[in-house]
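What the coordinates show
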Amino acid sequence: MLKLFFLILLKQINTAQCGVGSLTIAPGTTSIPDYQYTSCVDYTGSIIIPDSVTKIGVQSFYGCSGFNEALIIPESVETIRYQAFADCINIKTLEFKTK
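**Focus on the sheet that holds strand 2 (residues 31-32)**
One open sheet holds the three strands; their spatial order is 2-4-6, and the pairing between them is parallel. Two strands in the sheet have a free side with no partner beyond their single neighbour: strand 2 and strand 6 (79-80). Pairing of strand 4 (residues 55-56) with strand 6, which is carried by two bridges, proceeds in the parallel orientation. Along strand 6, the bridge assignment pairs I56 with I80.

**Description of unusual backbone geometry**
Positive phi, close to 65 degrees, is recorded for S39, a residue that is not glycine. Its place among the elements puts S39 in the loop between strand 2 and strand 3 (43-48). In this model, Q59 sits at a positive phi of 50 degrees, which is unusual for a non-glycine residue. For Q59, the position within the fold is in the loop between strand 4 and strand 5 (67-73).

**A short note on the pairing of strand 5**
For strand 3 and strand 5, the ladder comprises three bridges, and the chain directions are parallel. In the sheet register, I48 faces strand 5, and the bridge partner there is I72. Relative to strand 7 (residues 93-96), strand 5 runs parallel, the two sharing four bridges. Within the sheet, the bridge partner assigned to I73 lies in strand 7 and is F96.

**Re the confidence of the model for the chain**
Per-residue pLDDT for the chain has a mean of 85; in total, 82% of the residues score no lower than 70. Averaged pLDDT values over the elements of the chain bottom out at 47 in helix 1 (residues 2-14) and peak at 98 in strand 4. Across residues 4-16 the pLDDT falls below 50, and counting only partners more than four positions away or on other chains, this stretch makes 16 contacts in the model.

**Observations regarding the nonpolar core**
Membership of the largest hydrophobic core comes to 19 residues, with the highest contact counts inside it found for I25, Y37, I49, I56, F61 and F85. Beyond its immediate sequence surroundings of up to four residues, I25 is in contact with I32, Y37, I48, I49, P50, V53 and F61.

**Considering the sheet that holds strand 7**
One open sheet accounts for four strands, arranged 1-3-5-7; its pairing is parallel. The sheet terminates laterally at strand 1 (21-24) and strand 7, the two strands that pair on one side only. When the angles between neighbouring strand axes are averaged without regard to direction, this sheet yields 15 degrees.

**Thoughts on the pattern of salt bridges**
For the structure on display, the rule yields one salt bridge. The closest approach of N and O atoms between D34 and R81, which form a salt bridge, is 3.9 Å. Separated by 47 residues along the polypeptide, D34 in the loop between strand 2 and strand 3 and R81 in the loop between strand 6 and strand 7 bring together distant segments of the chain.

The rules behind each value
- Residues numbered from 1 in each chain as written.
- Predicted model: local features only at pLDDT ≥ 70, side-chain atom pairs only at ≥ 80, totals over all residues.
- Heavy atoms only, no water.
- Pairing = 2+ DSSP bridges.
- Helix = DSSP H or I, 4+ residues; strand = E, 2+ residues; numbered from the N terminus.
- pLDDT = per-residue confidence, 0-100.
- Contact = heavy atoms within 4.5 Å.
- Core = buried A, V, L, I, M, F, W, Y, C linked by side-chain atoms within 4.5 Å.
- Buried < 20%, exposed > 50% of the residue type's maximum accessible area, 1.4 Å probe, protein only.
- Axes fitted to C-alpha atoms, helices over the stretch in contact; angles between N-to-C directions.
- Salt bridge = Lys/Arg side-chain N within 4 Å of Asp/Glu carboxyl O.

Next up, the structure:
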């Protein structure tokens, strides 16, 4: 019950940063904070993470079930924290880029 309340609260907090369509993280971003896009279900398409990102935080994309194309993790990412992409159940492909 507490987890459900917490997720509802996060959804309300994150509403300003939720969008529609594919999500492109801004170039130069070095980390995606914990809970940044939690429960942003209106995003569809791909998650585009730039080569500058080194860390993806706890539950950063938890519950983003609208994503339905590719998730490409660039080589620069060194850390993916707990449940970063949990319940992103519609992602079609997952790719880890390497040189």
